[in-house]
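Coordinates in review
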Amino acid sequence: METEQSARVEVAGVTKSFSGEAVLRGVNLDVEPGSTVALLGPSGCGKTTLLRVIAGLEPADDGVVVVGDRVLTGPGVFVPPEERRVGLVFQDWALFPHLNVARNVGFGLPRSERRSSPRIDEALHLVGMEEFADRMPDTLSGGQQQRVALARAVAPRPRVLLLDEPFSNLDATMRVRVRNEIHELLHLLGITSIFVTHDQDEAFVLGDRVAVVNAGAIVQTGSPEEIYERPSTPWVAGFVGAADFVTGQISSTAPAIEVTTMFGRLPVPSPGTDDATGTAVGSMVSVLVRPEHLRVSVPDATDNAPHAPGVVRAVEYVGRDTVYAVESAGAVLRARALGPPLFAVGDPVLIHHHGGPVRVFGGSAESPTG
Ligand code: ATP
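Residues numbered from 1 in each chain as written. Predicted model: local features only at pLDDT ≥ 70, side-chain atom pairs only at ≥ 80, totals over all residues. Heavy atoms only, no water.

1. Remarks on the sheet that holds strand E18 (residues 321-328)
Condition: Criterion used throughout: strands pair if DSSP finds at least two bridges between them. Helix and strand definitions follow DSSP, with helices as H or I runs of at least four residues and strands as E runs of at least two, each counted in order from the N terminus. Geometry is summarised by axes, namely lines fitted to C-alpha atoms with helices restricted to the contacting stretch, and by angles between N-to-C directions that run from 0 to 180 degrees.
Taken together, the five strands give an open sheet; going across it, the order is E16-E20-E17-E18-E19, and neighbouring strands pair in antiparallel fashion. Of all strands in the sheet, those bounded by a partner on one side alone are strand E16 (294-297) and strand E19 (331-338). For this sheet the average axis-to-axis angle between neighbouring strands, irrespective of direction, equals 45°. The pairing of E18 with E19 spans eight bridges and is antiparallel.

2. So, the site of the ligand
The cut-off we apply is this: Any residue with at least one heavy atom within 4 Å of a molecule or strand is counted as near it. Pairing of N or O atoms within 3.5 Å defines a polar contact, subject to two protein rules: one partner must be a possible hydrogen donor and the other a possible acceptor, and residues neighboring in sequence count only if both atoms are side-chain atoms. The accessible surface values rely on the Shrake-Rupley method and a 1.4 Å probe; as for residues, cover is taken only from the protein chains in view.
Residues in close proximity to the ligand include Phe18, Val23, Pro42, Ser43, Gly44, Cys45, Gly46, Lys47, Thr48, Thr49 and Glu165, which together make up its full environment. The contact in question runs from an oxygen atom of the ligand to an N or O atom on the side chain of Ser43, over 2.6 Å. Contacts to the ligand include Thr48, whose side-chain N or O atom sits 2.7 Å from an oxygen atom. Isolated, the ligand exposes 640 Å² of accessible area, and the fraction of that covered by the protein chains is 56%. Per-element tally for the shell around the ligand: the top contributor is helix H1 (residues 47-55), with three residues.

3. Focus: the packing of aromatic side chains
How two aromatic rings sit relative to each other is set out by the distance from centre to centre and by the angle between their planes. For the record, the criterion: Only rings of Phe, Tyr and Trp enter the pairing, Trp through its six-membered ring, and a pair is recorded when the two centres are within 6.5 Å. The plane angle decides the type: under 30 degrees is stacked, over 60 is edge-to-face, the rest tilted. Burial classes follow relative accessibility: with a 1.4 Å probe on protein chains only, a residue under 20% of its type's maximum area counts as buried, one over 50% as exposed, and anything between as partly exposed. Note on geometry: a ring has a charge over it if NZ (lysine) or CZ (arginine) is within 6 Å of the ring centre and within 35 degrees of the ring normal.
In total, this model carries four aromatic pairs according to the counting rule given. On the basis of an interplanar angle of 75° and a centroid distance of 5.7 Å, the ring pair of Tyr324 and Phe343 is categorised as edge-to-face. Of this pair, Tyr324 sits in strand E18 while Phe343 is found in the loop between E19 and strand E20 (348-353), placing the two residues 19 residues apart along the sequence. Given a relative accessible area of 12%, Phe343 falls into the buried group. Just above the ring of Phe78 sits the side chain of Arg84; from NZ or CZ to the centre is 5.0 Å. Arg290 extends its terminal NZ or CZ atom over the ring of Tyr228, reaching a point 4.0 Å from the ring centre.

4. Focus on the domain arrangement of the chain
In plain terms, the rule: Either an automatic procedure or a domain database provided the assignment from which the domain bounds are taken. Between two residues, a contact is recorded if the distance between any of their heavy atoms is within 4.5 Å. Here the buried area means the combined drop in accessible surface, using a 1.4 Å probe, for two parts upon being joined, counting both sides. Just to be clear on terms, a salt bridge is a Lys or Arg side-chain nitrogen sitting within 4 Å of an Asp or Glu carboxyl oxygen. Side-chain classes follow a simple rule in which Ala, Val, Leu, Ile, Met, Phe, Trp, Tyr, Cys and Pro form the nonpolar group, Asp, Glu, Lys and Arg form the charged group, and the remainder, Gly included, forms the polar group.
You can read the domains of the chain as domain 1 (9-234) and domain 2 (243-362). For domain 1 versus domain 2, the separation of C-alpha centres amounts to 39 Å. On the domain 2 side, the residues contacting the seven residues of domain 1 number 10 residues. Regarding the contact of domain 1 and domain 2, the summed buried area is about 770 Å², with carbon and sulfur atoms giving 54% of it. Scanning the region where domain 1 abuts domain 2 turns up zero salt bridges. On inspection of domain 1 and its partner domain 2, the count reaches four residue pairs in polar contact (both at pLDDT 80 or more). Of the residues assigned to the side of domain 1 that touches domain 2, the class counts are three nonpolar, two polar and two charged.

Right, dumping it as structure tokens:
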């Protein structure tokens, strides 16, 4: 149910150009009331511009932004940012150094409420900082400052919260801790929120849904699991994880789809959505293989399990697991194994596909990671 504080956000057909250069090319996004969506995409793809259009900091050239039942941006309509009830949290979460915590939180409220208001108390309570109301920002830890900044953004009871790369200024350890805290807080607050990141881990941990943005358009929206297991294009597959591709031929479509590959016949739970021709028997397709789908073993003439022979070309040991780059039939495939390396560069090995959702795409597959 849509409460006072949680509103559905709908973005439809939004376009935006700067000096004739298209930055947003018809963006469509639907955010359920009270949920968190991560806009995930490479640098320069238009994420921040989209956030600014939703906030009203940037007019759109075309398209519509609706929050709840109110059109904020549309043909002949432009509600100014201060009337949108959209809260913003920027990268640095900067607090005003000369104002104490309570006055920082009251900053966005009407003048009569800025020094003292139940809304300030409520916001501080929500982030667990009520005991710090009289403290100055420089006496707080980085994490505490971020909680205060979040309290400041939610004090005016926005219907939507927009966060732009909210953790990019933190070191790796702090980042993980703070993002978990903010994740819990966002759910507790039940405010519809949209945040921008180019970090896949962050998008998957924080987003109920992830919208993958590329070159000014949203190319796929789904749960983190959908995006990872059923990427809509080879590009998405490679952007959200390590992705290699091998050639396959569809060998059966009934009762289930199967593809014949260098690792034998593999079941295809759902084919890629970008090319329907990939599902006809006999079609040549690109088959997505992730490192965790492959296993390497010592060559064994008695091994009857389907496999492809290969030679180890690189070994990367990162502590908890090892990734082997194995050359086979002219392609280099990555295989992940738990623990320290058991093979060295130059070793002959067998590669097995040992499960994981098989995804196929028609045509040649290109991904950001190659
Ligand atoms: P990043 O992850 O690097 O912050 P982003 O996906 O958020 O990137 P945007 O900040 O939306 O990308 O920028 C998209 C493109 O639009 C970039 O090429 C940028 O240079 C351009 N751009 C953004 N704002 C303006 C502006 N006010 N005037 C001209 N060009 C702009």
